[in-house]
Structures are given as structure tokens and as C-alpha cells.
Amino acid sequence: HGVFDSSVFGVSHQRQAEQRDRTKASGAEETQGFTVDTVGVFRHYTLGSDLGEWTLGFDVYRDVVSSFLDKGAAQQPKDDVQGPVADDASYPTAGLFAEDRIPPPDRLDLTVGARLNHAAVDADQVLEPVTEAATSLEQDWQSVVGSARFGYDLAGEGMRLYGGVSQGFRAPNLSDLTRLDSARSNEFEVPALDLEPEFTTSWEIGLKQRTDTRTAQVALFYTRIEDGIVRVPTNETNAEGEVLVSKANVGDGYVWGLEAGASQRLGADLELF
């Protein structure tokens, strides 16, 4: 492994296929479906040093997508453009990361990390929602996110204080950008071609205890959301009377919560939790 202590390498291929056959109340029949082939490769390295225990690596994945819509005798030119998502499309993602578990001074340990993210979409067959004409979509996004976490062993009874802050990044996926399909009851989702990524920042603080006979944990978390991708109405309806909805970056907000759990061993073969 050269300068590294160890490494792990992986390669993968996954195929997902889905088809829906639908008969509407009017008696009209339609068939739609999609196929996704995903190939990927990753490699992770570990390295011990005076500056801590390092984990470094990269991962690359690529979705290749095809989709279709068949309305039989009612087929129109716009129905040939795409199925439930863009046809003849690809969606590659890649990441490069580094994490360091810093040697603990006394009872404190600290882990810091950073990741460079890249995502892109290249779709040749997308239905433009306003003109209902075939168009294409090509876009990419990059972001750097980081995290820092700590753990501190308190005196007595196996108590440990922990917490941290971490950033999150999610680029709009192919469904966010190009979905053309039923959403909820009486709703139909149309493509949103100008979406931007969403970002999160999360804070967490907690306390753990572990002894030979019991465990306990309580944690408080708060996540701030910026430009969250949310489904919203367009104030329009289609020919079948369904409300048209689409995705937009309007989900600014937060999520917070309190989690707690415990277990108690009552004997060699019995535990309550």
C-alpha cells in the first residue's frame, strides 16, 4: 500500500427497472417505465501518523437512465419525449474526502473531515413543461462540506459527552429535475429544469453511559435547511383536471428533536430496553 497502512477497493453495478400499467376511469390505458443502470467505483485508504489516524478516499458513480410512455391509440408527439423521468439521460456523481481522528489528549478525542462533492446531469430527452416540446438539460454542481465531532469521557460510571457540527449538500436528482408523473392524489408533477442544490447544517449534543449491566443515551439535535427542494403547486391544471405541481428551492427551515434510549440487563438471558 505504499505510504498507507491499508486500503479498500470496490466496484459495483446495479440495475433497477420498473413498469406501470394503468387503466383510468375513462377506460384509457397507458404503460410507462424506466431502467437505471448504475456503475460505481470507490477506494479508501488509512494512514496512521503523528497528526492522527487518517482516512482518505474517493468514490465515483454514474446512473444511465432510459424511460418511456405508451398511451396506445391516444399517443401524441409529446408522449414520445420521455416517461416518468428524462429519457436518454445520465447522472454522474463523485466525491473526494479526508478525515482525521486526532490523538486524544487525556479523555478528549476529536474527528474532523471534509468532502468535495460533484454532481451533474446530462439528459437528451426532456419535456419542457410550458411549451410541451422536447428539450435537453445539461448542468453540474460542486460543493465542499465539512464536519467536526468530539467525545469526552466524564469521570465515573462510564459517562461520555459527545457532539459535533456537520454540513450537508444534496444536488437535485433526475427525479427532482425531470419528473413527469402522478404525484399525490389528483396531482401531476412536471419537470423543474432550474433547480439548485440544497444545503444543511446540523448540530448535535448528547450524553452516553455504558456499564456492564446498563446503557443510556440522550441527544439533542438541530438541523438548519437552506434552499430545500420541495414540491409546490403551479396554480395550473392539465386536461384531465389534475393539479400541476413542480419542485422549487423554497424549503428554508429547520428540524430539531430530542432522542433518548436505555437498556438494563436483568440476567444472563434477559434484557429490557
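Residues numbered from 1 in each chain as written. Predicted model: local features only at pLDDT ≥ 70, side-chain atom pairs only at ≥ 80, totals over all residues. Heavy atoms only, no water.

(A) Representation of the overall build of the protein chain. Scanning the protein chain from terminus to terminus reveals 1 helix and 15 strands. Projected onto its principal axes, the C-alpha coordinates of the protein chain cover approximately 75 × 50 × 40 Å. Within the protein chain, the proportion of its 273 residues that are buried is 32%. Summed over all atoms, the accessible surface of the protein chain reaches about 16,100 Å², with 54% contributed by carbon and sulfur. (Helix = DSSP H or I, 4+ residues; strand = E, 2+ residues; numbered from the N terminus. Buried < 20%, exposed > 50% of the residue type's maximum accessible area, 1.4 Å probe, protein only. Areas by Shrake-Rupley, 256 points an atom, 1.4 Å probe, with all protein chains shown as cover.)

(B) Structural view of the nonpolar core. If you look at the biggest cluster of nonpolar residues, it comprises 21 residues, and the most contacted ones within it are Val121, Trp141 and Leu174. Residue assignment for this core shows that the elements contributing at least two residues are β2 (29–49), β4 (87–102), β5 (108–127), β6 (134–153) and α1 (174–178). No other element matches β5, which puts 4 residues into this core. In this structure, Val81, Leu127, Leu180 and Val190 belong to the second largest nonpolar core, which totals 6 residues. (Core = buried A, V, L, I, M, F, W, Y, C linked by side-chain atoms within 4.5 Å.)

(C) Local environment of the side chain of aspartate 87. Assignment of secondary structure puts aspartate 87 in strand β4. Buried charged residue aspartate 87 carries no salt bridge. Nearest counter-charge: arginine 15, at 13 Å. Those residues in contact with aspartate 87 that sit more than four places away from it in its chain are Val65, Ser66, Ser67, Val81, Gln82, Asp124 and Gln125. (Lys, Arg positive; Asp, Glu negative; His and termini not counted. Salt bridge = Lys/Arg side-chain N within 4 Å of Asp/Glu carboxyl O. Contact = heavy atoms within 4.5 Å.)

(D) Region of interest: the pattern of salt bridges. All chains considered together, the criterion is met by 17 salt bridges. Close ionic contact of glutamate 189 with arginine 231 constitutes a salt bridge, the shortest N to O distance being 2.9 Å. A residue pair is termed long-range when its members are at least 10 positions apart, and glutamate 189 in strand β9 (residues 187–189) and arginine 231 in strand β12 (residues 229–237) qualify at 42 residues. Overall, glutamate 189 belongs to the buried group, its relative accessible area being 0%. Each of Arg170, Asp176, Glu189, Glu198, Arg231 and Lys247 takes part in a single network of salt bridges with overlapping partners.

(E) Just the packing of aromatic side chains, in detail. Scanning the entire structure with this criterion turns up 4 aromatic pairs. On the numbers, 5.6 Å between centres and 20 degrees between planes, the contact of tyrosine 222 with tyrosine 254 is stacked. Taken together, the positions of tyrosine 222 in strand β11 (residues 214–226) and tyrosine 254 in strand β14 (residues 253–267) put the pair 32 residues apart, joining distant regions of the chain. Judged by relative accessible area, tyrosine 222 falls into the partly exposed class, the value being 31%. An aromatic cluster is present here, built from Trp203, Tyr222 and Tyr254 joined pairwise through their rings. The ring of tyrosine 162 is capped by lysine 208, whose NZ or CZ atom sits 4.9 Å from the centre of that ring. (Phe/Tyr/Trp six-rings, centres within 6.5 Å; stacked < 30°, edge-to-face > 60°. Lys NZ or Arg CZ within 6 Å of the ring centre and 35° of its normal.)

(F) Structural detail: a negative patch on the surface. On the surface, Asp88, Asp122, Asp124, Glu138 and Asp140 cluster together to form a negatively charged patch. Of all elements in the fold, only β5 and β6 reach the threshold of two or more residues within the negative patch. Counting through the fold element by element, glutamate 138 comes out in strand β6. Glutamate 138 gets classed as exposed once you look at its relative accessible area, which sits at 68%. (Patch = residues over 30% accessible without salt bridge, like charges linked within 9 Å, V, L, I, M, F, W, Y side chains within 5 Å. Charge placed at Lys NZ, Arg CZ, Asp CG, Glu CD.)

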